[in-house]
Each structure stands twice: as C-alpha cells, then as structure tokens.
Amino acid sequence: MAKFTKEDITRIAEEENVKFIRLQFTDILGTIKNVEIPISQLEKALDNKMMFDGSSIEGFVRIEESDMYLFPDLDTWVVFPWTAEKGKVARLICDIYNPDGTPFAGDPRNNLRRILKEMEDLGFTDFNLGPEPEFFLFKLDQQGEPTLELNDNGGYFDLAPTDLGENCRRDIVLELEEMGFEIEASHHEVAPGQHEIDFKYADALTACDNIQTFKLVVKTIARKHGLHATFMPKPLFGVNGSGMHCNVSLFKDGVNAFYDTKGDLELSDTARNFIAGIINHAPSFTAVTNPTVNSFKRLVPGYEAPCYVAWSARNRSPLIRIPASRGVSTRVEVRSVDPAANPYLAMAVLLKAGLDGVKNNLTPPAPVDRNIYVMSKEEREAEGIKDLPATLYSALELLKQDEVMVAALGEHILEHFIEAKEIEWDMFRTQVHPWEREQYLQMY
C-alpha cells in the first residue's frame, strides 16, 4: 500500500508551509545529490517531468547523453523538521530514468530494485535490513572546519559526563523520530567520540533510503552542536573504526524464511544456503561493502572488525554472526560492511550473494566458535577460513573476477565504480605519506 498520493503531498506541503522540495538521489559512490525546486514546481515534479544534467554526476553518463528524468518515490515524502524559519523544506527520493522512459542502469536505487525482482522470482516477498551505523563526532575549529579533537573520552555504553556527545545524539534521535524513524537504541561506542544509533529494520529499499536520510540528519544536527560527524571507517589509528553491521533476513508472505524450529540452531535450509552464498562471495563483494582505501585500515585484527570469512552463532570475531533472537527476528548479521558503502550497492551484492547460495543449494562450512583472532594461519587454513582482502586494490581485482558480483552491479555501474576506485587507489599509492618520512628520512 502506498503511504502518500500526489494529492496528499500537495495538501501536506500547503498545511506545513513547505517552500522548497529537495529531489534527492544517490550517485555510484554513495554521495547524496539533490535538485532543489520551489513549491511552484511541485506538480511538475510529481508528474515525473523534472529533468537534470546526468553528465555532471559521478558515474552517470557522458555529455552527449546527459538528459535524465527524476521520478519521485511518493512514499519517501518527508518534511525536514529543522527548516522552519522561512518556510519548511521537504524531500522526495527519486529514481533516475532515461528520456525514453526506461530505468537508468547507472542508478544504484534502480539497480537494487532489479536484484529485489530476482529475489521475488525465487518466491520470496521481502529482504529486510536492520543497519547499525557508527560514526565519530569531532570538534569544529573557529572557521567551521573539522579538527581531530574528539568531543569526549567516553567508552562503550558510557553515560555523561564522560559522553559529551549525549546531547547531540539525543537531538539526532528526536529529529529522526519526528521524521518517522523508529529508533531502537542509541549509545556511545567503544572508541572515544564514537556513537551508534540503531533504527528498526525495514524492507531493503526503504532501509537504504533511511541510511541516506540518517547520514544527512546526523551531519546536520552535529554541525548545530559545533561538531563534525564523520562516517569515515577509520579516522583514528589505535582505536576501533566505524562499521555498519547489516542484519538481514528473507521473508515469504510475512513468514521469516530463515527460521525453522526443527533446524540445527533453529535455522532453516534457506538460511544456511544464504550464509554459504555470503561466505562464498565475501572476498569479492568487499570492494563494494568497504569501498575506500581507508576501509581496509578498519578490517584488521584487534579492533572487533572482521577480517576472516567465517560464521558463528556465538562468536563476534567472524564475518557473519547469527544473533540469538529467533522466530520473526531470525537474521544473519554481516559485520564487515562499513558506513562509507553506498547502501543500495551494498545490499545488491549481499542479496545477490545470498540468493546465489539459495539457488545453488550451497552448504556453509561448520560454524567457528573459537576466537579467530588468536588462531594461527595454519589453524585458520585447517578450518577453511579465508581472509578478506587487505587493500582496496586486491578487493577490486577479486570483484572483477566474480561473475555473480559483476552481475549484481550490472555493466554500467561496475565499469564506472571500478574506474573511480582504481583512480582512488592510484592516488593513494603514489602519494608520499607522513609515516614513510618518519620511518625512512633519517634512516637512509
């Protein structure tokens, strides 16, 4: 059932004194883009007649084929609560269409819809996602630029006065709730200045929209507190990085397809096949779920982030954990994903990997209930535990070689994603870093 009709949106806009509408979409790198229109253009936008120049957006199209249409998803209508001074600002998330009326293959949101259709063809009705995004809060300097100074010395679940981010975090939660989010938990994370806010699971498309909205709200409210919020995976050496654990489950007509009272650990065959698919493709989807040079500084032993491909119902060191809840809450928690990932692309590769396991009836290896961080390389090899790639470069090479993951992104997105990321890797590789000068300048 649709939440809003065109008439609802026009009426609410008038009642709420909305003056501007942001037509939002996401580029291939996960950056939120928006075309802002005055209220006088709302009807045109709702009739799918708003055009923009796609050639100026990362990974979209070349100059000679630049006209694109924005098709707003009416269910994503929301009025931003913090914009009331001279009339409010509302938002609609859009799908991108070609001038001939076909979905644009380079639109990450359209691409996720394509993989969701494959899921429906296999008889499932929903792919649900409950994300756990983490972020750091740094102080701003007098010019309003981010510093590396943290705003607190708190630790996991700490309370004020050590957690000075508490007021900021509380304001973020209040704003999100006003926008219709159901917040399940908000707490200080392990590292100083690090926070996590968990919101209720939703179908994958809505959950990805929510992640993008969440990032926008967090950054906006942090700035009002004189802070800079960053979703960079590893901003500081020597402390935990920021992850975005993804709790996923398949449903069939309202019934959780991962739950089976008679199965071992009460997991269904579908759940095991799905886990096997994730394990099989994990090394090659890492370039998408952990898409920056910096992402790989987080995926190292000792900071609670997974760097080994295994699964467990009890242990938090592997890539996949099965949380204790059963029944409708039975889910697979993929722990490698970080918040720099484009959520639409990350969900497309996770779903495609899991469905590959279901389609081919793959069997997962035995669960690993030991602490993998303390196992030797030989012990890991004996258990069949693979490593995740250690650099963006090796992750990109593995992505290119995996036909299933290539198909999950489609030709257009894959080509532009690889091109952008190889440039990023090359810039990093050729740069001379302070560490090198500290190590070698006097030695040689």
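Criteria and cut-off values
- Residues numbered from 1 in each chain as written.
- Predicted model: local features only at pLDDT ≥ 70, side-chain atom pairs only at ≥ 80, totals over all residues.
- Heavy atoms only, no water.
- UniProt positions renumbered as here; feature names shortened; annotations may be inferred.
- Helix = DSSP H or I, 4+ residues; strand = E, 2+ residues; numbered from the N terminus.
- Contact = heavy atoms within 4.5 Å.
- Expected span 1.5 Å × (residues − 1).
- Bend = angle between axes of the 7 residues up to and from the residue.
- Buried < 20%, exposed > 50% of the residue type's maximum accessible area, 1.4 Å probe, protein only.
- Domains from an automatic or database assignment.
- Buried area = accessible area lost by both parts, 1.4 Å probe.
- Pairing = 2+ DSSP bridges.
- Phe/Tyr/Trp six-rings, centres within 6.5 Å; stacked < 30°, edge-to-face > 60°.
- Lys NZ or Arg CZ within 6 Å of the ring centre and 35° of its normal.
- Core = buried A, V, L, I, M, F, W, Y, C linked by side-chain atoms within 4.5 Å.
- Axes fitted to C-alpha atoms, helices over the stretch in contact; angles between N-to-C directions.
- Parallel < 35°, antiparallel > 145°, perpendicular 65-115°, else oblique.
- Left-handed = near helix turned anticlockwise from the far one by under 90°.

How would you sum up the UniProt feature "binding site: ATP" (unreviewed entry) in the chain? Please name residues and give values.
Residues given the UniProt feature "binding site: ATP" (unreviewed entry) here are Glu 184, Phe 199, Lys 200, Tyr 201 and Arg 316. Residue placement: Phe 199 occurs in strand β10 (residues 194-199). Here Arg 316 is to be found in the loop between β16 (311-312) and β17 (320-321). Leaving out residues up to four positions away in the same chain, Arg 316 has contacts with Glu 304, Arg 321 and Arg 335.

Explain helix α6 (residues 269-289) to me, and be specific about the residues and the numbers.
Spanning 21 residues, α6 covers only 25 Å between terminal C-alpha atoms, well under the ideal 30 Å at 1.5 Å per step. Of all the bends in α6, the largest measures some 70° and sits at Ala 282, one to four residues before the proline Pro 283. Within α6, 19 of the 21 residues are buried, which leaves the element mostly enclosed by the surrounding structure.

Tell me about the UniProt feature "binding site: L-glutamate" (unreviewed entry) in the chain, and please be specific about residues and values.
Mapped onto this numbering, the UniProt entry annotates "binding site: L-glutamate" (unreviewed entry) at Asn 240, Gly 241, Arg 298, Glu 304, Arg 316 and Arg 335. Residue classification places Asn 240 among the buried positions, given a relative accessible area of 12%. Ignoring sequence-local partners within four residues, the contact set of Asn 240 consists of Phe 136, Val 190, Ala 191, Gln 194, Lys 234, Tyr 303 and Glu 304. By the secondary structure assignment, Gly 241 is in the loop between β12 (227-230) and β13 (244-252). For Gly 241, a relative accessible area of 9% puts it in the buried group. In contact with Gly 241, not counting residues within four places along its chain, are Glu 134, Phe 136, Gln 194, Pro 233, Lys 234 and Arg 298.

An account of the domain arrangement of the chain is requested, with residue identities and associated values reported.
Assigned domains of the chain: these are domain 1 (6-104) and domain 2 (114-434). Measuring from the centre of the C-alpha atoms in domain 1 to the corresponding centre in domain 2 gives 28 Å. Tallying the contact residues gives 20 residues for domain 1 and 21 residues for domain 2. When domain 1 packs against domain 2, close to 1,600 Å² is buried across both sides, 66% of that on carbon and sulfur atoms. Sorting the residues of domain 1 by area buried against domain 2 places Ile 28, Pro 81 and Trp 82 first, and these three jointly supply 38% of that buried surface.

Please provide a residue-by-residue account of the pairing of strand β2 (residues 32-38), values included.
Pairing of strand β1 (residues 18-26) with β2, which is carried by seven bridges, proceeds in the antiparallel orientation. When the bridges of β2 are listed, Phe 25 appears paired with Lys 33. The hairpin turn running from β1 into β2, its antiparallel successor, is five residues long, and Gly 30 in that turn takes a positive phi close to 90°.

I'd love a proper account of the packing of aromatic side chains, names of residues and values included.
Under the defined criterion, the tally for this structure stands at 15 aromatic pairs. With a centroid separation of 6.2 Å and an interplanar angle of 65°, the aromatic rings of Phe 135 and Phe 214 are classed as edge-to-face. You can see Phe 135 sitting in strand β7 (residues 126-140) and its partner Phe 214 sitting in helix α5 (residues 204-224), a full 79 residues away along the chain. Classification of Phe 135 by relative accessible area gives buried; the value is 0%. Arranged with centres 5.2 Å apart and planes meeting at 85°, the rings of Phe 181 and Phe 199 form a pair that is edge-to-face. Taken as a pair, Phe 181 in the loop between α4 (166-178) and β9 (183-188) and Phe 199 in strand β10 lie far apart in primary sequence, 18 residues in all. Comparing Phe 181 with Phe 199, the two get one shared label, buried. Here the aromatic cluster, defined as three or more aromatic residues joined through ring pairs, consists of Phe 135, Phe 181, Phe 199, Phe 214 and Phe 231. Its end group placed over the ring of Phe 231, Lys 215 keeps NZ or CZ at 5.9 Å from the ring centre. The ring of Phe 124 carries the charged tip of Lys 252 above its face, separated from the ring centre by 5.0 Å.

Let's hear about α5: which residues, and what values?
Helix length check: α5, at 21 residues, gives a terminal C-alpha distance of 30 Å against a target of 30 Å (1.5 Å per residue), a fit within 8%. Most of α5 sits inside the fold, with 15 of its 21 residues counted as buried.

Which residues make up the environment of Phe 135, and what values go with them?
Along the primary structure Phe 135 and Val 368 are separated by 233 residues, whereas in three dimensions their C-alpha atoms are 29 Å apart. Not counting the four nearest positions on each side in its chain, Phe 135 is found in contact with Ile 172, Gly 193, Gln 194, His 195, Ile 197, Phe 214, Val 218, Ala 229, Thr 230, Phe 231 and Ser 242.

Go over the nonpolar core, please, and point to the residues and values.
Note that soluble globular proteins tend to have their nonpolar side chains buried in a common cluster. If you look at the biggest cluster of nonpolar residues, it comprises 92 residues, and the most contacted ones within it are Phe 127, Leu 250 and Met 347. When residues of this core are assigned to their parent elements, the largest contribution, 11 residues, is made by helix α8 (residues 343-359). Both domains that furnish three or more residues to this core are identified here as domain 1 (6-104) and domain 2 (114-434). Ignoring anything within four residues of it in the chain, the contact list for Leu 250 reads Met 119, Phe 124, Asp 126, Phe 127, Val 255, Asn 256, Ala 257, Phe 258, Thr 270, Phe 274, Leu 351 and Leu 355. Ranked by size, the runner-up nonpolar core spans 23 residues in total, among them Ile 12, Phe 25, Met 68 and Ala 90.

Give a detailed account of the packing of helix α3 (residues 108-121) against α5, specifying residues and quantitative values.
Running from N to C, α3 and α5 point in directions that differ by 155°, and their axes come no closer than 10 Å. As summarised for this structure, α3 and α5 are arranged roughly antiparallel, according to the angle between their axes. The way α3 lies across α5 gives a crossing that is right-handed. Residues Arg 109, Leu 112, Arg 113 and Leu 116 of α3 lie in contact with α5, whose contacting residues are Ala 204, Leu 205, Cys 208 and Asp 209.

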